[in-house]
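Secondary and tertiary structure notes
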Amino acid sequence: MRARYPDAEGYVERDGVRVFYEVFGTGEQTILLLPAWSLFHSRMWKAQVPYLARYFRVVTFDGRGNGRSGRPPGEAMYADYEFAADALAVMDATNTSRAALVALSRGARWATLLAAEHPERVTAVAFIAPALPIGNVPMARETYPFTEQPPTDEGWAKFSAYYWRKDYPGFADFFLHQMFPEPHSTKQIEDGIAWALETTGETLIATQIAPDRTAPEALPELIGRIRCPVLVIHGDGDTIVPHARGATLAEMTRGTLATIVGGGHAPTLRDPVKVNVLLKDFIKPAPPRSLTWTRGRNRTKRALYISSPIGLGHAQRDVAIAQELRTLHPDLQIDWLAQHPVTRVLEAHGERIHPASALLASESSHIESESAEHDLHAFEALRRMDEILVANYMLFHDVISDEPYDLVIGDEAWEVDHFLHENPEEKRTAYVWLTDFVGYLPMRDGSERENLLTADYNAEMIGHIERFPRLRDRAIFVGNPDDIVPETFGQDLPEIRAWTQRHYDFSGYITGFDPQQFTDREALRAQLGYRPDEQVCIVTVGGSGVGQHLLRRVIAAFPEAKRRVPNLRMVVVTGPRIDPASLPTQDGLEIRAYVHELYRHLAASDLAVVQGGLTTCMELTANKRPFLYFPLRHHFEQNFHVRHRLERYRAGRCMNYDTATPEVIAAAIAEEFGRPVRYRDVEVDGAARAAARIAEIL
């Protein structure tokens, strides 16, 4: 799922070649994000588009040879001036009279032509890792003549027409690893290879031997004609285009050079936060404005709270923590940067939702788009959510830059924690991190690749914490040390429990309620409309839309369960993201949408059937209610972290969705009614303990 979809799209045809373009946003200024080499298409700008489109009108197009644009035969069709002419045609088709150009790598050639030969159409140029033949530092890819058979197939010998015809996928793999020398770049490499495989070796050969108006002998004169403002962004670890070439271009254009120390050839993808900020500030400098400053002793203390939108469990505990914080700091104002379905809970509690929340890209929708029938590969879904996380971090960046906050609290706000550690200079105030699990774990049926990837992500996180141990002013684990799985982060990496104990405080679990208030279950049942002679079964799958298949399976089990338990009353709660009307009905079955404070109904029930999410299972555990739970296939958190915790509490009965036919579910429902429970007690002071640790830094 994309973080932002285009407001308009279309094709422009020039000399028989169709060029696909997209338009985002409606700002007064337009940015044209140029294609790079035909190795990639315009999705290479996925980390920039959502942010820039909030300030500018952004136009992208697929360069000929890749994406949805044409792939004309013949090297003449891939000359640098053809790409420049395509850019002008796209500008005309989108009614763009003038634009700021942003060019990555080989795109610097078309940007140079446009700025030199059509200055009336160009307001500014940002060159990123410009692949221009200037300066005296040779490029590694020039080691072997391109059109001759090299003496080896290793290293830069792969940069040859011979090798591209022999093993183009092998070249793509090699080249992408050169593009991203930075550690922990697996996702960027994976994306780049996938984009590269959308073209062919023959097409790429044509781009290399095409006529070239930006040849070394012509470039000084062309560059000398550039009169608009210029920004050059270049990593000094770039192994594709030496940093010295970018520095030379900045000098020749009297432009600004921004060096990313340790950066590779595509900082747009590997260092998107820094690139986005540089581009925005370069193209649209902040205008002069009047400022108001409130003296510290007169200012209300303010906290920005970010609660994970994947499910509703975080919202329930976060509201409880917020209420305890206000007890300790009555003057504290809390703003919530949150999205649906979390906002549903916050609104019911009268919390203040920051207006910028409306601009967040939907993480819940992405997770739902990644799911199949009771199957969600949670780790891969999080990896593929990368552009959404960048977009949402950039929104956080703007909020925290524009408004004074004394504290940021992130409950599994993955984007905030990751990009603050990647960009520690971005930290502007005290920061607290909360989570109820630590460590990505490969599934038992996973491949060796999954073992390597989860370990790599864990190693990156460990490196972040060890490199910047004070970036998190508090790190709070929502639970106890024994709730942590007895596993390692991966081969040659630490043991998860021991590492977490060194780096986290422990609040105990946070339910957001005291089970003692439900000791009079008969009174509670009467209040909620449940009769004493009914056997009440609540069926719920949490706040996401992933659980629809489980709901259908349990609904199909209802007639047989009713036969076995004649006084059964089954209530199916769909949650805020599943339409009750989309589910089948059965005589005597109740289907409800979102139910506020569902935990009260769970406390009143005789049995619950749930997914494997931690919150609902722990609410049932705290109230000592019997329940069946069905972990999603390939959901590492539900299958390992949650299940380990429930087994420690001796709570619930784990069911296998694959073997749980409606008849099996009906039998299990009948068996669990009235079964005595002997769960461990769940602490009731978790929210207060978490709030006390947070309050210490206010």
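The paragraphs below set out a description of the structure included in this document. (Residues numbered from 1 in each chain as written. Predicted model: local features only at pLDDT ≥ 70, side-chain atom pairs only at ≥ 80, totals over all residues. Heavy atoms only, no water.)

**Thoughts on the overall build of the protein chain**
Within the protein chain one finds 25 helices and 21 strands. Its C-alpha radius of gyration of 28 Å places the protein chain within 12% of the 26 Å reference for a compact globule of 698 residues. A principal-axis box enclosing the C-alpha atoms of the protein chain has dimensions of 90 × 65 × 50 Å. The proportion of buried residues among the 698 residues of the protein chain is 60%. Within the protein chain, counting contacts between residues at least 6 apart in sequence, those at least 24 apart form 74% of the total. A total accessible area of about 26,900 Å² is found for the protein chain, and carbon and sulfur atoms account for 49% of it. Separation of charge centres in the protein chain, based on 76 positive and 94 negative side chains, amounts to 3 Å. (Helix = DSSP H or I, 4+ residues; strand = E, 2+ residues; numbered from the N terminus. Rg over C-alpha atoms; globule rule 2.2 N^0.38 Å. Buried < 20%, exposed > 50% of the residue type's maximum accessible area, 1.4 Å probe, protein only. Contact = heavy atoms within 4.5 Å. Areas by Shrake-Rupley, 256 points an atom, 1.4 Å probe, with all protein chains shown as cover. Lys, Arg positive; Asp, Glu negative; His and termini not counted. Charge placed at Lys NZ, Arg CZ, Asp CG, Glu CD.)

**Observations concerning the environment of S369**
Tracing the chain through its elements places S369 in helix 13 (residues 363-369). A relative accessible area of 46% places S369 in the partly exposed class. For S369 and G545, which are 176 residues apart along the polypeptide, the C-alpha to C-alpha distance reads 9.3 Å. Here the side chain of S369 touches H366 through a polar contact of 2.6 Å, landing on its backbone oxygen. (Polar contact = N/O pair within 3.5 Å; in protein donor to acceptor, adjacent residues only side chain to side chain.)

**Description of the pattern of salt bridges**
Inspection of every chain in the model, using the stated rule, returns 62 salt bridges. The closest approach of N and O atoms between R384 and E380, which form a salt bridge, is 3.7 Å. The shortest N-O distance in the salt bridge between E534 and R569 comes to 3.1 Å. Here E534, found in the loop between helix 19 (521-528) and strand 16 (535-540), pairs with R569, found in strand 17 (residues 568-573); they are 35 residues apart in sequence, far enough to count as distant. A relative accessible area of 7% places E534 in the buried class. (Salt bridge = Lys/Arg side-chain N within 4 Å of Asp/Glu carboxyl O.)

**Re helix 20 (residues 548-564)**
Counted at 1.5 Å a residue, the expected span for helix 20 with its 17 residues is 24 Å, and the 24 Å between its end C-alpha atoms agrees. Its axis deflected by about 45° at F558, helix 20 carries its strongest bend there, up to four residues before the proline P559. For helix 20, the full list of buried residues reads L550, L551, R553, V554, I555, A557, F558 and A561. Each element contacted by the buried residues of helix 20 is listed here: strand 16, strand 17, strand 18 (590-592), strand 19 (607-611), strand 20 (627-630) and helix 24 (662-672). (Expected span 1.5 Å × (residues − 1). Bend = angle between axes of the 7 residues up to and from the residue.)

**Some thoughts on helix 3 (residues 107-117)**
Most of helix 3 sits inside the fold, with ten of its eleven residues counted as buried. What helix 3 keeps buried is the set G107, A108, R109, W110, A111, T112, L113, L114, A115 and A116. Where helix 3 is buried, its residues meet helix 2 (80-93), strand 5 (99-104), strand 6 (122-128) and helix 7 (219-224).

**Things to note about the sheet that holds strand 20**
Ordered in space as 18-17-16-19-20-21, the six strands form an open sheet in which the pairing is parallel. Two strands bound the open sheet, and with one partner strand each, they are strand 18 and strand 21 (653-654). Strand contacts of helix 20: strand 16, strand 17, strand 18, strand 19 and strand 20, with the helix running at about 170° to strand 17, the strand carrying the most contacts. (Pairing = 2+ DSSP bridges. Axes fitted to C-alpha atoms, helices over the stretch in contact; angles between N-to-C directions.)

**Points about the packing of aromatic side chains**
Given two aromatic rings, one states the distance between the centres and the angle between the planes to describe the pair. One pass over the structure, following the stated rule, counts 37 aromatic pairs. Arranged with centres 6.1 Å apart and planes meeting at 85°, the rings of Y440 and Y457 form a pair that is edge-to-face. Placement of Y440 in the loop between strand 13 (430-435) and helix 17 (448-467) and of Y457 in helix 17 is noted, with a sequence separation of 17 residues between them. For Y440, a relative accessible area of 15% translates into the label buried. Ring pairs connect the aromatic residues W37, F146, W156, F159, W164, Y168, F171, F174 and F175, which therefore count as one cluster. The ring of Y11 carries the charged tip of R18 above its face, separated from the ring centre by 3.9 Å. Here the guanidinium or amino end of R553 rests over the ring plane of Y657, the centre of that ring lying 3.8 Å away. (Phe/Tyr/Trp six-rings, centres within 6.5 Å; stacked < 30°, edge-to-face > 60°. Lys NZ or Arg CZ within 6 Å of the ring centre and 35° of its normal.)

**Structural notes on the side chain of E182**
With respect to the helices and strands, E182 occurs in the loop between helix 4 (161-179) and helix 5 (186-196). For the buried E182, no salt bridge is present, and the opposite-charge side chain at shortest range is R270, 4.8 Å distant. Discounting chain neighbours no more than four positions away, the residues touching E182 are G262, G263, G264, R270 and D271.

**Considerations on the pairing of strand 9 (residues 302-307)**
Two faces belong to every sheet, and in a regular strand the side chains alternate between them. Taken across its six residues, strand 9 has six buried, putting it largely inside the fold. Of the two faces of strand 9, the one holding R302, L304 and I306 and the one holding A303, Y305 and S307 are both buried throughout. Relative to strand 10 (residues 333-337), strand 9 runs parallel, the two sharing five bridges. Residue pairing in the sheet places I306 in a bridge with L337 of strand 10. Traced from strand 9 through helix 11 (residues 313-328) to strand 10, the parallel crossover comes out right-handed. As defined by bridge partners, strand 9 adjoins strand 12 (residues 407-411) across five bridges and the pair is classed as parallel. By the bridge assignment for strand 12, I306 is matched with G410. (Right-handed = clockwise from strand over helix to strand, strands pointing away.)

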